[in-house]
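Report on the structure
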Amino acid sequence: MALKKLLGFGKQLLRVKVVDCNAEDSRLSRCLNTFDLVALGVGSTLGAGVYVLAGAVARENSGPAIVLSFLIAALASVMAGLCYAEFGARVPKTGSAYLYSYVTVGELWAFITGWNLILSYIIGTSSVARAWSATFDELVGKRIEQFCREYMSMNAPGILAEYPDMFAVLIIFILTGLLAFGVKESAIVNKVFTCINVLVLLFMVVSGLVKGTLKNWQLDPEEILHANYTSNSSLNLTGVLPTKESLGVGGFMPFGFTGVLSGAATCFYAFVGFDCIATTGEEVKNPQRAIPIGIVSSLLICFVAYFGVSAALTLMMPYYLLDSNSPLPAAFKYVGWGGAKYAVAVGSLCALSTSLLGSMFPLPRIIFAMARDGLLFSFLSRVSERKSPITSTVASGVMSAIMAFLFDLKDLVDLMSIGTLLAYTLVATCVLVLRYQPEQPGLMYEMANTQDEVELSDAISVPSMGILPGVEERFSFTTLLFPDNPEPTTLSGFTVNICAAAMGTLIPVFSILAVHGGFVVWNIVALSAIFMGCLLLTFIIWRQPQSKTKLSFKVPLLPFLPVISMFVNVYLMMQLDRGTWIRFTVWMAVGFVIYFCYGIHHSTEAALARSSPETEMSERNHNSEASPEKEAFLHNDAKEDDDDL
């Protein structure tokens, strides 16, 4: 009896969502086009980091080879982007990684993903709002800071900020009002600021290429260390003569390939933000076509911008002289164009504005999707007359404003990374699993899923949907490596599930040992064994037949791209410090209280599971003209693709 209850509880945690992929069925307004999504992705990803990050990485990690760091980081980000793009083509619904996890790996993982995305976007919104306030305050002579310090100082070091940032709160409330008013108006504002930002960056790239010289990519440390090397050495903005360590070995790659990889790990976070496009599934006119194009195009544009700015920067000014905090104004001053700092200021404010909108835009939609599914409180799923998620938008603005008002957020920014990287990892896993699942009749699949009638033993020996009726599959090493059926079967799908679960265990262990284990013999042996195990599992997955479903976009080079993406994301997660993981644990504890006390009982999938099979059958017979939901999710047929075109 106890075992039966435990199994039932486990099935509740792993129940998957049944999604109706009818593109017309949406409570939100479908008013965005492909260009809106590209502008949203570029604006969210190409934030103020482009004005700061290139200088810090070039000076401390990569030197002129920062262009290679951005290339490697872009390739790693594209792997995650392609996985999001395939899911965007599969299902035109709001929810991003939360929804993708829900329909593939189950409710508990979906809640964990959504709960962490909420934290990531709240911290992102609050930190960008404070950065916007600080940048504007810098332009007006820090008068806002002086006023707040004098009249509103908070004496709680280590807990609260030194003073409440009223201007950041005002910015968040203005943007909340804009988002609550309507998504189309928000998209127009975003497009204006994004275009200004791109034009400013284009001016900087062209100027840098005109005023720069290739000599700065061919520096010799021995010559630099002699006082007569250059008359501009007095312009070293740090006020300290360069040391041999800060110069490295000179040339294009002064800190070696290790420095390039170290810089790439930092540059990877510069491409975070494109996932906000995936939350617009119910507000885009042609989501199955527009979302993949929007994600891939925005990543490509951002890479070109980062590559161009970093190349121009290191051509204009020797890498060892770059200012880590404001490299572009310092570089223009170095070449005699000091007035360009005003263009940099305008570009920075526009970039911060689009980045702020990119953080605030997906947050209400994640909350709305979770509330609609019953995992968060139902009042958060209310929609306004203009078809925008009004309640979740206001709640998002209030939470972000409180964070920006009270906290400094420097210690919390790393929590953003956990949520984002966890989402990337799960989306890659979901793509890997779904591509190898068999296509099954919609009604039978839904009933089995809803009523929890599929048992583990059935997955080993069951009638295959792709084979003649009555013919059963039997597990053997021959069928494992040389499947007879060119179409996915229940056995091949089950094999992929087991391999993916095993890699989900091995990859974190590998990453922990790689980050903290050092170069001792036992650790190298363990890493080699785990790597070979993952390679074997990947090979087994590769041998299984893939679904022939027609989609407007599919991830290429399966299963290798999703597996590499999982490795990269988990490895970066394990590099975060212990304090970040402790804060992550506290946040998850709060989330689990909400889920186990409210969400698991009010889940819409729980209500479906409680309904009788007879009721389910009669409802589906009555609405026989509607497409079967799960079947529509697993294979959007050619007709849907033609409609999207």
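Our structure's up above, just so we're on the same page.
This section reports on the structure supplied with the text. Sequence order as written defines the numbering, with residues in each chain counted from 1. In view of the model being predicted, local features appear only for residues whose pLDDT reaches at least 70, and side-chain atom pairs are presented and counted only at 80 or more, with totals across whole chains, interfaces and linings using the full set of residues. As a rule here, side-chain values come from all non-hydrogen atoms in the structure, and water together with hydrogens is ignored.

**Regarding the nonpolar core**
Rules: Nonpolar core, defined: a set of buried Ala, Val, Leu, Ile, Met, Phe, Trp, Tyr and Cys residues in which side-chain atoms within 4.5 Å join the residues together. Under the scheme applied here, a residue whose accessible area is under 20% of the maximum for its type counts as buried, over 50% as exposed, and between as partly exposed, the area being computed with a 1.4 Å probe on protein chains only. Throughout, a contact is declared for two residues whenever any of their heavy atoms are within 4.5 Å.
Tyr51, Tyr84, Ile118, Phe271 and Leu376 are the most contacted members of the largest nonpolar core, which has 160 residues in total. Not counting chain neighbours up to four residues away, the residues in contact with Leu376 comprise Phe111, Trp115, Ile118, Ile367, Met370, Ala371, Ile594 and Tyr598.

**Regarding the packing of helix H9 (residues 183-211) against helix H13 (residues 287-316)**
Note the threshold: Between N-to-C directions, angles span 0 to 180 degrees; the directions come from axes that are lines fitted to C-alpha atoms, helices contributing only their stretch in contact. Numbering goes from the N terminus for both helices and strands, where a helix is a DSSP run of H or I of at least four residues and a strand is a run of E of at least two. Left-handed is the label given to a crossing in which the near helix is rotated counterclockwise from the far helix by less than a right angle, and right-handed is the label when the rotation is clockwise. All residues other than Ala, Val, Leu, Ile, Met, Phe, Trp, Tyr, Cys, Pro, Asp, Glu, Lys and Arg, Gly among them, are scored as polar; the first ten of these are nonpolar and the last four charged.
In the contact formed by H9 and H13, the axes pass within 8 Å of each other and the chain directions differ by 35 degrees. Of the two possible hands of crossing, H9 and H13 adopt the one that is left-handed. Side by side, H9 and H13 meet where Leu201, Met204, Val205, Gly208 and Leu209 of the first sit next to Ala305, Gly308, Val309, Ala312, Leu315 and Met316 of the second. Within the contact of H9 with H13, the residues separate by chemical class into nine nonpolar, two polar and no charged.

**Details of a nonpolar patch on the surface**
Spelled out, the test is: For patches, a residue must show more than 30% relative accessible area and have no salt bridge; joins then use 9 Å for like charges and 5 Å for nonpolar side chains, namely Val, Leu, Ile, Met, Phe, Trp and Tyr. Note on areas: Shrake-Rupley with a 1.4 Å probe; residue coverage comes only from the protein chains shown. Take a side-chain nitrogen of Lys or Arg and a carboxyl oxygen of Asp or Glu: if they are within 4 Å of each other, that pair is a salt bridge.
A contiguous nonpolar patch, built from Leu536, Phe539, Trp542, Leu557, Phe560 and Ile564 and spanning about 600 Å² of accessible area, is present on the exposed surface. Elements with a contribution of two residues or more to the nonpolar patch: helix H22 (521-543) and helix H23 (560-574). Taking the relative accessible area as the measure of exposure, Leu557 reaches 61% and is therefore exposed.

**Structural notes on helix H6 (residues 107-139)**
The line we're drawing: One less than the residue count of a helix, multiplied by 1.5 Å, gives the span that helix is expected to have.
Helix length check: H6 (33 residues) gives 48 Å between terminal C-alpha atoms against 48 Å at 1.5 Å per residue, within 8%. Extensive coverage of H6 is indicated by the burial of 26 of its 33 residues. Of the residues one or two after H6, Gly141 is the one with positive phi, at around 80 degrees.

**Re the pattern of salt bridges**
Per the stated rule, a full pass over the model turns up nine salt bridges. The closest approach of N and O atoms between Glu282 and Arg372, which form a salt bridge, is 2.7 Å. With Glu282 in the loop between helix H12 (256-268) and H13 and Arg372 in helix H16 (residues 362-372), this residue pair connects regions lying 90 residues apart in the sequence. On the accessibility criterion, Glu282 (0% relative accessible area) is buried. Salt bridges sharing common partners tie together Asp36, Lys184 and Lys191.

**Looking at the packing of aromatic side chains**
Both the distance between ring centres and the angle between the ring planes are used here to describe each pair of aromatic rings. Which entries qualify depends on this criterion: A pair of Phe, Tyr and Trp rings is counted when the ring centres sit within 6.5 Å of each other, with Trp represented by its six-membered ring. The angle between the planes then sorts it: under 30 degrees is stacked, over 60 is edge-to-face, the rest tilted. A ring is scored as having a charge over it whenever the NZ atom of a lysine or the CZ atom of an arginine sits within 6 Å of its centre and within 35 degrees of its normal.
Per the counting criterion, the structure on display carries 31 aromatic pairs. Between Phe87 and Tyr100, the ring centres sit 4.5 Å apart and the planes meet at 15 degrees, which makes this aromatic pair stacked. Of this pair, Phe87 sits in helix H4 (residues 66-90) while Tyr100 sits in helix H5 (residues 96-102), and the two are 13 residues apart along the sequence. You can call Tyr100 buried: its relative accessible area is 1%. Consider the rings of Phe377 and Tyr598, whose centres lie 4.8 Å apart with planes at 55 degrees: the pair is tilted. Within this pair, whereas Phe377 is found in the loop between H16 and helix H17 (390-406), its partner Tyr598 is found in helix H24 (residues 578-602), the two being separated by 221 residues in sequence. A relative accessible area of 36% means that Phe377 is categorised as partly exposed. Classification of Tyr598 as buried rests on a relative accessible area of 17%. Of the aromatic side chains, those joined through ring pairs into one cluster are Tyr84, Phe87, Tyr100, Phe268, Tyr269, Phe274 and Tyr424. Here Arg365 stacks its cationic end above the ring of Phe361, 3.9 Å away from the centre of that ring.

**Considerations on empty space enclosed by the protein**
Put simply, the test is: Points on a 1 Å grid over protein atoms alone make up a cavity when a 1.4 Å probe fits among them but cannot get out, and a pocket when they form an open set with protein on both sides within 12 Å along at least five of seven lines; lining residues each have an atom within 4 Å of a point. Grid points are joined across faces, edges and corners, and a volume is the space filled by probe spheres set on the points.
In this structure the tally under the stated criterion is four cavities of 30 Å³ or more. The volume enclosed by the largest cavity comes to roughly 70 Å³. Contributing to the lining of the largest cavity are Leu32, Asp36, Leu37, Leu40, Val183, Ser186, Ala187, Asn190, Leu357 and Phe361. Only helix H2 (34-45) and H9 provide two or more residues apiece to the lining of the largest cavity. With four residues, the top contributor of residues to the lining of the largest cavity is H9. For the lining of the largest cavity, the residue count by class is seven nonpolar, two polar and one charged.

**Digging into the environment of Val555**
Position of Val555 relative to the elements: it lies in the loop between H22 and H23. With 471 residues separating them in the primary sequence, Val555 and Tyr84 have C-alpha atoms 9.1 Å apart. Beyond its immediate sequence surroundings of up to four residues, Val555 is in contact with Leu82, Cys83, Glu86, Val431, Arg435, Leu561 and Pro562.

Don't take any of this as a statement about function, it's just geometry.
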